[in-house]
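If you want the building blocks of each chain, they are given just below.
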Amino acid sequence: MVLLEALNWRYATKKMNGQVVPQDKLDYILEAARLAPSSSGLQPFRIFVISNKELQERMIPISENQSQIADASHLLVFAAWDGYSLERIEEVFNQTMAERGLPADTMDGYKQRLWSKYEPLGQE
Ligand SMILES: Cc1cc2nc3c(=O)[nH]c(=O)nc-3n(C[C@H](O)[C@H](O)[C@H](O)COP(=O)(O)O)c2cc1C
């Protein structure tokens, strides 16, 4: 019910009011993104928080000339991984196993299956 109420309330902002989004709200949004589910829990993206007007202005032409790109106090850019490497998969799984207090090799078989499923990415 709370979720449906929130979805009824929310809307896509097209014009900014000039106010800076407070840090605690920004942190809340980033935490929601961090907790969002993704395939195999890999979270295959990085989020860049951009609050640099000059940089935001430069991004307008590559954002279909939408002024809100520069009007927003913070621009969140979701940068998808350009590929899957064993290193990237291991980084996420090692962290997950550590959080869950499980041996690092618990998911080795699954990691290998994931790794073989995707186009290998060269050494970074
Ligand atoms: C994947 C996705 C891409 C979107 N891209 C833009 C965009 O580039 N510019 C914009 O002003 N709104 C964008 N929107 C917002 C939609 O226009 C908006 O959600 C839709 O018109 C419905 O309005 P509402 O979210 O206020 O209910 C995007 C929404 C989604 C889900």
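Keep in mind it's a predicted model, so treat the numbers as computed, not measured.

Student: Any details on the packing of aromatic side chains? Residues and values, ideally.
Tutor: Counted by the stated rule, this structure contains three aromatic pairs. Centre to centre, the rings of Trp81 and Tyr84 are 5.4 Å apart; their planes meet at 75°, and the pair counts as edge-to-face. According to the relative accessible area criterion, Trp81 is buried, its value standing at 15%. Accessibility expressed as a relative area gives 15% for Tyr84, which makes it buried.

Student: Report on the site of the ligand, specifying residues and quantitative values.
Tutor: Neighbouring the ligand are Arg10, Tyr11, Ala12, Lys14, Gln66 and Gln68. Contact distances for the ligand include 2.8 Å between an oxygen atom and a backbone N or O atom of Ala12. Here a nitrogen atom of the ligand and a side-chain polar atom of Gln66 are 2.6 Å apart. With the chains in place, 32% of the 620 Å² that the ligand exposes on its own is no longer accessible. In terms of residue class, the shell around the ligand is made up of two nonpolar, two polar and two charged.

Student: Outline the packing of helix H5 (residues 86-100) against helix H6 (residues 108-117), listing residues and values.
Tutor: Running from N to C, H5 and H6 cross one another at 145°; their axes reach a closest spacing of 10 Å. In the packing of H5 onto H6, the handedness of the crossing is right-handed. Residues Leu86, Ile89, Glu90, Phe93 and Asn94 of H5 touch H6, and the partners they reach there are Tyr110, Lys111, Gln112, Leu114 and Trp115. Considered class by class, the residues forming the contact of H5 with H6 number six nonpolar, two polar and two charged.

Student: Outline the UniProt feature "domain: Nitroreductase" (unreviewed entry) in the chain, listing residues and values.
Tutor: Under the present numbering, the feature "domain: Nitroreductase" (unreviewed entry) in UniProt falls on residues 8-88. Along residues 8-88 one finds 36% helix and 15% strand; the C-alpha atoms at either end are 37 Å apart.

Student: An account of the pattern of salt bridges is requested, with residue identities and associated values reported.
Tutor: The full count for this structure, using the stated rule, is six salt bridges. Taking the shortest distance from any N to any O, the salt bridge between Glu54 and Arg58 comes out at 3.6 Å. With Glu54 and Arg58 both in helix H3 (residues 53-59) and four residues apart, the pair spans about one turn of that helix. Taking relative accessible area as the criterion, Arg58 reaches 55% and is therefore assigned exposed. The partner of Lys111 in a salt bridge is Glu90, and the shortest N-O contact between them spans 3.7 Å. Of this pair, Lys111 sits in helix H6 while Glu90 sits in helix H5, and the two are 21 residues apart along the sequence. Residue class for Lys111 comes out buried when judged on its relative accessible area of 4%. The network of salt bridges with shared partners includes Glu90, Asp108 and Lys111.

Student: Before we move on, could you go through the side chain of Arg88 and cite the residues and values that matter?
Tutor: The topology assignment puts Arg88 in helix H5. Overall, the relative accessible area of 15% leaves Arg88 in the buried class. Within the structure, the side chain of Arg88 is placed 2.9 Å from the side chain of Asp82, a separation counted as a polar contact.

Here is what the cut-offs are and how they apply
- For every chain, the first residue of its written sequence is number 1, and the numbers climb from 1 along that sequence.
- In keeping with the predicted nature of the model, local features appear solely for residues at pLDDT of at least 70, side-chain atom pairs appear and are counted solely at 80 or more, and the whole-chain, interface and lining totals rest on all residues.
- With hydrogens and water stripped out, all remaining heavy atoms of the structure feed into the side-chain values.
- Only rings of Phe, Tyr and Trp enter the pairing, Trp through its six-membered ring, and a pair is recorded when the two centres are within 6.5 Å. The plane angle decides the type: under 30 degrees is stacked, over 60 is edge-to-face, the rest tilted.
- To sort residues, take the accessible area from a 1.4 Å probe on protein chains only and compare it with the maximum for the residue type: under 20% means buried, over 50% means exposed, and anything in between is partly exposed.
- Any residue with a heavy atom lying within 4 Å of a molecule or strand is counted as near it.
- In protein, a polar contact requires one atom able to donate a hydrogen and another able to accept it; more generally it is a pair of N or O atoms within 3.5 Å, and residues adjacent in sequence count only if both atoms are side-chain atoms.
- Accessibility throughout is a Shrake-Rupley quantity obtained with a 1.4 Å probe, and a residue counts as covered only by protein chains that appear here.
- For this classification, the nonpolar set comprises Ala, Val, Leu, Ile, Met, Phe, Trp, Tyr, Cys and Pro, the charged set comprises Asp, Glu, Lys and Arg, and every other residue, Gly included, is treated as polar.
- To define axes, lines are fitted to C-alpha atoms, for helices over the stretch in contact only, and angles between the resulting N-to-C directions are given on a 0 to 180 degree scale.
- The helix count covers DSSP runs of H or I at least four residues long, the strand count covers runs of E at least two residues long, and both are numbered beginning at the N terminus.
- Helix crossings fall into two classes, left-handed where the near helix is turned counterclockwise from the far one by less than a right angle and right-handed where it is turned clockwise.
- By definition in these notes, contact holds between two residues if any of their heavy atoms fall within 4.5 Å.
- UniProt positions are given in the numbering used here, feature names are shortened, and annotations may be inferred rather than shown by experiment.
- Take a side-chain nitrogen of Lys or Arg and a carboxyl oxygen of Asp or Glu: if they are within 4 Å of each other, that pair is a salt bridge.

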